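Each chain, letter by letter, is given below.
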Amino acid sequence: QHYFIQSNLRRDMDSISGAYNGLERTPLSFVVQLGYSVGHILNDLCASCWFTYLIIYLTDVQKKSKDFAGVLMLIGQIGDGIATTLVGVAIDKINSRYGKRKTWHLIGTICVAASFAFVFNKCLGCENKSEAVQQTYYG
């Protein structure tokens, strides 16, 4: 039974990545669809907590205006939309010896780790500059 579940999971993952089982794609089972749905909801809840915390940090700790925080969030969402599209296309076209997605997970982890420190620190070298300069730094 364990082998059956594992083979079903492999079949479902193959159908997501575009692999063909014979001449037809294998449809995702209800359980796998439910799993992806729950994962997406939890991802959105995590993002909501992150955005809320960031706005509170910017307005209450850094003493930035609400407009500053809002524009910064907008810049982040636009950047995310563009990056998601470009990375999605690149993932489909590029293949490495580690597979299509593992390399991109590593690249994403490194980018987030490198940029995360800048979010919760003062603007290095521009503490006394205009809000537009600081927004460019944080954005």
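Calculation notes
Residues numbered from 1 in each chain as written. Predicted model: local features only at pLDDT ≥ 70, side-chain atom pairs only at ≥ 80, totals over all residues. Heavy atoms only, no water. Helix = DSSP H or I, 4+ residues; strand = E, 2+ residues; numbered from the N terminus. Buried < 20%, exposed > 50% of the residue type's maximum accessible area, 1.4 Å probe, protein only. Contact = heavy atoms within 4.5 Å. Areas by Shrake-Rupley, 256 points an atom, 1.4 Å probe, with all protein chains shown as cover. pLDDT = per-residue confidence, 0-100. Expected span 1.5 Å × (residues − 1). Core = buried A, V, L, I, M, F, W, Y, C linked by side-chain atoms within 4.5 Å. Disulfide = S-S within 2.5 Å. Phe/Tyr/Trp six-rings, centres within 6.5 Å; stacked < 30°, edge-to-face > 60°. Lys NZ or Arg CZ within 6 Å of the ring centre and 35° of its normal.

Quick notes on the overall build of the protein
Now for step 1: When you go through the protein residue by residue, the secondary structure sums to 5 helices and 0 strands.
Now for step 2: Traced from its N-terminal end to its C-terminal end, the protein shows the element sequence α-α-α-α-α.
Now for step 3: In the protein, which comprises 139 residues, the share counted as buried stands at 16%.
Now for step 4: Sequence separation of at least 24 residues holds for 36% of the intrachain contacts in the protein that already meet a minimum separation of 6.
Now for step 5: Put simply, the protein shows about 10700 Å² of open surface, and 66% of that area lies on carbon and sulfur atoms.

Here's the deal with the environment of M73
Now for step 1: Relative to the assigned elements, M73 resides in helix α3 (residues 66-93).
Now for step 2: Using a relative accessible area of 15% as the deciding quantity, one classes M73 as buried.
Now for step 3: In sequence terms M73 and L54 are 19 residues apart; their C-alpha atoms lie 8.8 Å from each other.
Now for step 4: In contact with M73, not counting residues within four places along its chain, are F51, L54 and I55.

Some details on the confidence of the model for the protein
Low pLDDT marks regions whose predicted coordinates should not be analysed in detail.
Now for step 1: Looking at the protein as a whole, the pLDDT averages 79, with 82% of positions reaching at least 70.
Now for step 2: Averaged over each element, pLDDT in the protein is lowest for helix α1 (residues 2-17) (50) and highest for helix α2 (residues 30-61) (91).
Now for step 3: Low confidence marks residues 1-6, where pLDDT is under 50. Its contacts with residues over four positions away, or in another chain, come to 0 contacts.

A few points about α3
Now for step 1: The end-to-end C-alpha distance of α3 is 41 Å, a good match for the 40 Å that 28 residues give at a rise of 1.5 Å each.
Now for step 2: Of the residues making up α3, those classed as buried are F68, A69, L72, M73, A90 and I91.
Now for step 3: Against the buried residues of α3 lie α2, α4 (102-119) and α5 (131-138).

A few points about the nonpolar core
Now for step 1: Residues L54, Y57, L58, F68, A69, L72, M73, C123, C126 and Y138 constitute the largest nonpolar core, which totals 10 residues.
Now for step 2: For F68, the residues in contact, after removing those within four places along its chain, are L58, E131, Q134, Q135 and Y138.

Focus on the state of the cysteines
Now for step 1: Summed over the entire model, instances satisfying the criterion amount to 0 disulfides.
Now for step 2: Considering cysteine sulfurs only, C49 is the nearest to C46, which forms no disulfide, with 6.7 Å between them.
Now for step 3: Residue classification places C46 among the exposed positions, given a relative accessible area of 52%.
Now for step 4: Accessibility expressed as a relative area gives 55% for C49, which makes it exposed.

Some points on the packing of aromatic side chains
We describe a pair of aromatic rings using the distance from one ring centre to the other and the angle between the two ring planes.
Now for step 1: One pass over the structure, following the stated rule, counts 1 aromatic pair.
Now for step 2: We note K64 situated over the ring of F68; from NZ or CZ to the ring centre the distance is 5.5 Å.

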